[in-house]
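Each chain is listed here by its residues.
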Amino acid sequence: PGKPDRPIPGTDYESVQPNTQDAIVVPEGYEHNVVIRWGDPVLEGAPEFDFENQTAAAQERQFGYNCDFAGLIPLDGAGRRNLLVVNHEYSTEPFMFRGYDEANPTEEQVKIAWAAHGLSVVLAERDTRKGGLSTRRSRFNRRITATTEFEVRGPAAGSDLLKTSADPTGTRVLGTLNNCAGSVTPWGTVLSGEENFNQYFGNADQITDPDQSAKLARYGMSGGASERLWERFDPRFDIAQELNETHRFGWVVEIDPHDPDSTPIKHTALGRFKHEGAAVRVAEDGRVVAYSGDDERFDYIYKFVSKNRMKKGESKHARRHNMTLLDEGTLYVARFTGDSPVEEIDGSGTLPADGEFGGTGEWIPLAEGDKSFVPGMTAEEVYIYTRLAGDVVGATKMDRPEDIEPNPVTGSVYAALTNNTNRGTEGAAAADEANPRNTNKHGHVLEWTERHNDATATRFTWKLLLVCGDPESPDTYFAGFDKSQVSPITSPDNVAFDTHGNLWVSTDSTGALGINDGLYSVPVQGADRGHLKLFLTVPAGGETCGPVITEDLVTVCVQHPGEVDGASIEEPASNWPDRGDSQPRPSVVSVWRVGRNGRVGRIGE
Ligand code: FEO
Ligand code: CA
Ligand code: CA
Ligand code: CA
């Protein structure tokens, strides 16, 4: 590898300089706009946003808080009309409400927070000759919140462990929470991961059964009151009263944005954990495979293989069939084995003698329908306590598996391992070849190829594509590419592909390199493999999320702008996007290239 003769299509732009500006910074020759902001109207009858006079009734009809995943589903071939589907991961009350009292939130504030969670579906139109996306009122527009009814499907639906006093059937759940990453399925729906749902539940410490307490603790629930005190306003968030409610979150949910009246689904066949998201690849034989990471230090990477085959086409009939594909199949967890002697992996990030981190791996089956492959656990338990199943079978403990995405050009799969500062500390797992740095501050990006490139295979080979950080630091690696030519990167979080098969990576760093988060591109094939470039940066304190890369548009979410230590509503660290002395607002941004005659050009060409 070395300097290529010609730039790789899709990545031919001048890298942005790492910075700490309170702005969106894009390459020379590119422009951007703000598509939609927290509080902007989505549904008919929604009022304009008024920071000083918020109500739950307004928020239920407006764009939610902390946008994370974004999906863009074209309604025409030209890319003019699109459904923009966005996750609203969580609420940050001290930045939302002036004078917020953490010990005594008001009922209205709590109800605003419920309405600020979930997802938004909004029609986004585009002037494909001149610029970016702008939202419109439409019959598709929809808000899904913490109180929208979901149908539980798959092998654990109706389980006793999912029954509550409000839902004795164990099949109807109100709401989705902490929706982090996601994907658009090949059949035009959206998958979204319920991630850190544990934070919404209080009073785990009142559970006296040690087995039950251990299970709650494995899912991050052990203390008293929850951070937001929702249990004061709805007993289902009180574990002492309604323990099973905790089992009703931590799933992959599926939304059909084409049908605003459809009931969204929680898919139990994909297991319950802190799902970052889920992404689908279609196998040669038409079965579908969904990959999903559990974003926790030392947790696992999973794969689901469907029993049935996808129906092609965009008819309602085909979509209805395809929305059952994730109900039946086999759930697996990953084990990664290095191919270098263990003593060469010393936790420093120094490359082993063979010149790269890599090896082989296997998918260990956990459950298939009613059948469990895990000693001592029923299938129902495997789906609901999936982390414990991974523990039993000896899955590989990873450095916080975030977003996973198959490359649509090559079929190889990419996972962001965001960081893990506990790796190698006392009592914790030490570095291995797939997670080769102790106190891993900057994370890495893992690539694997299923045997014979068959998505349903149970064996694979893997490599690390990137070991992130400051390229001048010896413990970084950019697929062997000349490190003097690459941009610094820390804490990869979301991964996406452009139509050429280049990987795009967005970051969630909380300032680990002292630079703002951003969106990067990196070719994964040819002489330019590993040539990481910085495409855009987001305002101070913000995280870059949900990238969608089409031929002539880049769409990103800016999550939690201005959330830096010491900042407050009185002293905001960001005034983006409204400027002046305004409060920061999580928002969606689109970016395009100004080509010839002022017309939109292709990204990175
Ligand atoms: Fe919500 Fe794993 O980031
Ligand atoms: Ca994430
Ligand atoms: Ca974040
Ligand atoms: Ca993250």
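The shown structure was predicted, so the numbers you read here are calculated from the model rather than taken from an experiment.

Across its full length, the chain carries seven helices and 33 strands. Taken over the C-alpha trace, the chain has a radius of gyration of 23 Å; the compact-globule value for 605 residues is 25 Å, and the two agree within 12%. Overall, the C-alpha framework of the chain stretches about 65 × 55 × 50 Å when taken along its three principal axes. Across the 605 residues of the chain, 55% fall into the buried class. Long-range contacts, defined here as pairs at least 24 residues apart, represent 62% of the contacts in the chain between residues at least 6 apart.

Before going further, it helps to spend a moment on the sheet that holds strand β29 (residues 533-537). Pairing is antiparallel across the open sheet formed by four strands, whose spatial order is β26-β27-β28-β29. Because the sheet does not close on itself, it has two edges, and the strands there are β26 (492-497) and β29. Taking each pair of neighbouring strands and ignoring which way they run, the sheet shows an average axis angle of 25°. Where strand β27 (residues 503-507) meets strand β28 (residues 518-522), four bridges bridge the pair, whose relative direction is antiparallel. Bridged to Val-505 within β28 is Tyr-520.

Let us now look at the sheet that holds strand β9 (residues 179-184). On the basis of which strands lie adjacent, the open sheet formed by six strands has the order β8-β7-β12-β11-β10-β9 and mixed pairing. The open sheet has two edge strands with one neighbour each: β8 (172-174) and β9. Neighbour-to-neighbour, the strand axes of the sheet open up by a mean angle of 30°, direction not taken into account. Looking at chain direction, strand β11 (residues 252-255) and strand β12 (residues 265-267) are connected through three bridges and run antiparallel. Each bridged residue has a counterpart across the sheet, and for Val-253 the counterpart in β12 is Lys-266.

Another aspect to go through is unusual backbone geometry. Cis geometry marks the peptide bond from Trp-576 to Pro-577, where omega comes out at 0°. In the Ramachandran plot, Asn-66 falls in the positive-phi region, its phi being about 40° despite a non-glycine side chain. Within the secondary structure layout, Asn-66 lies in the loop between α1 (56-59) and β2 (67-74). Despite not being glycine, Phe-298 shows a phi value in the positive range, around 65°.

Counting residues in each nonpolar core, the largest one holds 158 residues, and the members touching the most others are Ala-290 and Leu-466. Apart from the residues within four sequence positions on either side, Ala-290 is in contact with Leu-270, Ala-278, Ala-279, Val-280, Phe-304 and Leu-326.

Turning our attention to helix α3 (residues 107-116). Taking burial as the measure, the ten residues of α3 include eight buried ones, the bulk of the element. Buried within α3 are the following residues: Gln-109, Val-110, Lys-111, Ile-112, Ala-113, Trp-114, Ala-115 and Ala-116. Against α1, β3 (81-88) and α2 (93-96) lie the buried residues of α3. One or two residues past the end of α3 sits Gly-118, with phi positive at roughly 95°.

As a further point, take the pairing of strand β14 (residues 287-293). Counting buried positions over the seven residues of β14 gives six, a clear majority of the element. Note that strand β13 (residues 279-282) and β14 share four bridges and pair antiparallel. Bridging from a neighbouring strand, Val-280 pairs with Ala-290 of β14. Remark: four residues form the turn of the hairpin made by β13 and β14, two consecutive strands paired antiparallel; Gly-286 in that turn has positive phi of roughly 95°. Alignment of β14 against strand β16 (residues 301-309), held across six bridges, turns out to be antiparallel. Within β16, the residue paired with Ser-292 across the bridge is Tyr-302.

You can see Glu-543 is positioned in strand β30 (residues 543-550). Glu-543 gets classed as buried once you count the C-beta atoms within 10 Å, which come to 26. Each C-alpha atom, one on Glu-543 and one on Gly-518, is 7.4 Å from the other, the two residues being 25 residues apart in sequence. Discounting chain neighbours no more than four positions away, the residues touching Glu-543 are Asp-508, Asp-517, Gln-559 and His-560.

The next thing to look at is the environment of Glu-195. Inspection of the secondary structure puts Glu-195 in the loop between β10 (190-194) and α4 (210-218). When the C-alpha positions of Glu-195 and Phe-273 are compared, they lie 7.3 Å apart, and in sequence the two are 78 residues distant. Beyond its immediate chain neighbours, meaning those up to four positions away, Glu-195 contacts Asn-178, Cys-180, Lys-274, His-275, Glu-276 and Asp-295.

When pLDDT is averaged along the chain, the result is 97; 99% of the residues meet or exceed 70. For this predicted complex, the interface confidence comes out at an ipTM of 0.88, alongside a pTM of 0.97.

Conventions and cut-offs
Residues numbered from 1 in each chain as written. Chains lettered and ligands numbered in written order. Predicted model: local features only at pLDDT ≥ 70, side-chain atom pairs only at ≥ 80, totals over all residues. Helix = DSSP H or I, 4+ residues; strand = E, 2+ residues; numbered from the N terminus. Rg over C-alpha atoms; globule rule 2.2 N^0.38 Å. Buried ≥ 20, exposed ≤ 12 C-beta atoms within 10 Å, placed from the backbone. Contact = placed C-beta atoms within 7 Å. Pairing = 2+ DSSP bridges. Axes fitted to C-alpha atoms, helices over the stretch in contact; angles between N-to-C directions. Core = buried A, V, L, I, M, F, W, Y, C linked by C-beta atoms within 7 Å. pLDDT = per-residue confidence, 0-100.

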